[in-house]
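Take a look at the letters that make up each chain.
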Amino acid sequence: MDTETLVKRTLEEHFNLQVEKIPESDKRTPDFFVFNGINEYLIEVKEKEANPELGEAREEAFSRGEIFEISEALATKSVLQNVVRDGRRQIKAHVTDDLTFRVVWVHCTGLAYDALLEQIITGLYGSETVVDFSSDEAFAGTCYYFGFSQFFKYRDSIDAVMVTGRKGEATICVNNHSPRYESFKASVLVQSMPVGVRDPIYEEKEGCAFIVEGEVDRNKPNEVLSYLKEKYKTDKLNVMKMRHMEVHMAVPHREM
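None of these values were measured; they are calculated from a predicted model.

Undergrad: Please explain the sheet that holds strand β12 (residues 237-240) as it appears in this structure.
TA: Paired through their backbone hydrogen bonds, the strands of a sheet run either parallel or antiparallel. One open sheet accounts for four strands, arranged β11-β7-β6-β12; its pairing is mixed. Looking at the sheet topology across the chains shown, the edges are occupied by β11 (209-211) and β12. Each strand of the sheet is rotated relative to its neighbour by a mean of 40°, with strand direction disregarded. Bridging between strand β7 (residues 140-144) and β11 involves three bridges; their strand directions are parallel. Across the sheet, the residue bridging to Y144 is I211, located in β11. Here helix α9 (residues 221-232) sits on the sheet and contacts β7, β11 and β12; the angle it forms with β11, its principal contact strand, is near 115°.

Undergrad: It is not clear to me how the environment of V84 should be interpreted in this structure. Could you clarify?
TA: Tracing the sequence through the fold places V84 in helix α3 (residues 78-92). Residue classification places V84 among the buried positions, given a relative accessible area of 1%. Counting along the chain gives 54 residues from V84 to A138, while the straight-line C-alpha distance between them is 34 Å. Sequence-distant contacts of V84, that is, excluding residues within four places in its chain, are made with V104, I120, L124, Q150, I158 and V161.

Undergrad: Please explain the pairing of strand β3 (residues 40-49) as it appears in this structure.
TA: It is a general feature of regular strands that their side chains alternate between the two faces of the sheet. For strand β2 (residues 32-35) and β3, the ladder comprises four bridges, and the chain directions are antiparallel. Bridged to F32 within β3 is I43. Counted along the chain from β2 to the antiparallel partner β3, the turn is four residues long, and its residue G37 has a positive phi close to 95°. Where β3 meets strand β5 (residues 101-109), nine bridges bridge the pair, whose relative direction is parallel. Bridge pairing links L42 to R102 in β5.

Undergrad: Where do I start with the sheet that holds β2 in this structure?
TA: Spatially, seven strands are ordered β1-β2-β3-β5-β8-β9-β10 in an open sheet, and the strand pairing comes out mixed. With one partner strand each, in any of the chains shown, β1 (18-21) and β10 (197-198) form the two edges of the open sheet. Where strand β8 (residues 160-165) meets strand β9 (residues 170-174), five bridges bridge the pair, whose relative direction is antiparallel. The partner of A160 across the bridge, within β9, is V174.

Undergrad: Got a minute to help me understand the pattern of salt bridges in this structure?
TA: Between side chains of opposite charge, pairing is possible as soon as their charged atoms come close. Within the structure shown, the criterion is met by 16 salt bridges. The salt bridge involving E13 is made with R9; its shortest N-O contact spans 4.0 Å. Taken together, the positions of E13 and R9, both in helix α1 (residues 3-13) and four residues apart, correspond to about one turn of that helix. Look at E13 and you get exposed, because its relative accessible area is 59%. On the accessibility criterion, R9 (39% relative accessible area) is partly exposed.

Rules used throughout
- Residues numbered from 1 in each chain as written.
- Predicted model: local features only at pLDDT ≥ 70, side-chain atom pairs only at ≥ 80, totals over all residues.
- Heavy atoms only, no water.
- Pairing = 2+ DSSP bridges.
- Helix = DSSP H or I, 4+ residues; strand = E, 2+ residues; numbered from the N terminus.
- Axes fitted to C-alpha atoms, helices over the stretch in contact; angles between N-to-C directions.
- Contact = heavy atoms within 4.5 Å.
- Buried < 20%, exposed > 50% of the residue type's maximum accessible area, 1.4 Å probe, protein only.
- Salt bridge = Lys/Arg side-chain N within 4 Å of Asp/Glu carboxyl O.

Written out as structure tokens, the structure reads:
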């Protein structure tokens with residue numbers, strides 16, 4: 001099943017939305033106009049495959065009888081930011097109503113696709129993992145907007161990014177900087193997902209996340225940390241650079 005068909009079927013069967021394919025033309029257009037009588041969405045679908053060279057390297061390792069290891073930093077990459085940027089451009093060129101929700105849907109495939117998924121989310125929110133070493137019960141988790149974020153940059157033109165994986169994983173990342181933030185949260189696309197919603201405002205209220213707000217120079221991590229220490233009343237805060245790790249091994253097939 002191709003990605004567009006997968007997305008269309010998911011919107012229709014899981015979210016009970018009506019989906020119309022937008023005809024292609026000389027102008028840039030999103031893929032779908034989606035509605036349910038209350039909400040309307042423009043959705044652009046993108047597919048991104050993890051580095052195909054990983055598959056080739058794994059086969060070479062297996063041919064030598066070796067274990068194959070993958071280690072990927074979970075920092076964002078410009079090529080992934082370009083996927084979201086292009087989706088946003090296609091939607092922006094077509095939108096005519098300020099009330100219409102704008103969603104980029106990125107489907108991740110390939111070896112270590114789940115690292116790809118996290119790298120995309122990192123770029124959307126400019127997030128880092130921070131740890132408070134002041135006590136064993138202190139905060140350790142995601143800090144949103146620690147660095148530059150696509151959601152802030154595109155706050156008027158992207159309401160959310162749906163990131164899905166080839167094994168059925170789905171995360172809807174809500175842009176809390178959007179002028180449609182509150183109405184989007186109340187829409188069926190969010191309300192029909194009991195899990196898998198990323199919302200910085202909600203997570204901070206629940207004590208599950210930190211948020212950097214205001215005028216802070218994101219080019220200077222130490223200044224951002226100083227801001228966080230003052231905001232959250234702690235002096236033992238550090239950034240932890242996270243990595244995605246996988247180990248693959250070939251299991252010999254023996255005839256019975």
